[in-house]
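Survey of secondary and tertiary structure
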Amino acid sequence: MKCLKKDSNVFFSGGWDSTVQIWDVRSPQGSVRKICGPSISSDSLDIKGNELLVGNYKNTDIVQLYDFGSGQLVKTLDIGEEANSISYCLSAVYDHKSDSRLIGVALSGSNRVKILKDNLLIGELKFQAAPFSVDFYQFNKKDFMVVGGAEGTIYCFKIDIHP
């Protein structure tokens, strides 16, 4: 579940029912709109501007971008995983702390975290067990990525992305 930063009355949620539900607390009817297609598990839903990032818990079309306004699929991102592989998305997030245009994707099965910049795969990290979540943060004007998962350890990586 995520809230819209530009309108705190609106939030959205997703699950295994292959929909993203858009909610407005001002509406008594419940969900006011839905986007059909995404099958979401865990923390695999994020928004930046009008671009909705979806990490699917299925082994095809694992990471997708939707237009939040129209609900239309914009693009399926190539994250370097073969279709019908053993990888499923557990976490997909934007880097909201900087202008880097980074996306982090945590995958079970292959036990990898994929890092994308401008929607292109630029790197990956391999773990012994499934990474459950990934996020970005800034500290002392430096960019970091943090990963936690089944290993019982939190990893913190300094990110130095050059234009």
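Refer to the preceding data block for the structure.
Section: the sheet that holds strand β14 (residues 142-149)
Pairing within the open sheet is antiparallel, and its 3 strands lie in the order β13-β14-β15. Sheet topology places β13 (131-139) and β15 (154-159) at the edges, where each strand pairs with a single neighbour. Neighbouring strand axes in the sheet, compared pairwise and without regard to direction, differ in orientation by 20 degrees on average. Strand direction decides the pairing type here: β13 and β14, joined by 8 bridges, are antiparallel.

Details of the pattern of salt bridges
Applying the stated criterion across every chain, the model contains 8 salt bridges. When the shortest N-O distance is used, the salt bridge between lysine 2 and aspartate 43 registers 3.5 Å. Highlighted residues: lysine 2 in strand β1 (residues 2-3) and aspartate 43 in strand β5 (residues 40-48), separated in sequence by 41 residues. For aspartate 43, a relative accessible area of 31% gives the class partly exposed. Arginine 26 is paired through a salt bridge with aspartate 24; the nearest N and O atoms lie 2.7 Å apart. Taking the relative accessible area as the measure of exposure, arginine 26 reaches 52% and is therefore exposed. Put simply, Glu81, Arg112, Lys114 and Glu124 are held in one network by salt bridges that share partners.

Criteria and cut-off values
- Residues numbered from 1 in each chain as written.
- Predicted model: local features only at pLDDT ≥ 70, side-chain atom pairs only at ≥ 80, totals over all residues.
- Heavy atoms only, no water.
- Pairing = 2+ DSSP bridges.
- Helix = DSSP H or I, 4+ residues; strand = E, 2+ residues; numbered from the N terminus.
- Axes fitted to C-alpha atoms, helices over the stretch in contact; angles between N-to-C directions.
- Salt bridge = Lys/Arg side-chain N within 4 Å of Asp/Glu carboxyl O.
- Buried < 20%, exposed > 50% of the residue type's maximum accessible area, 1.4 Å probe, protein only.

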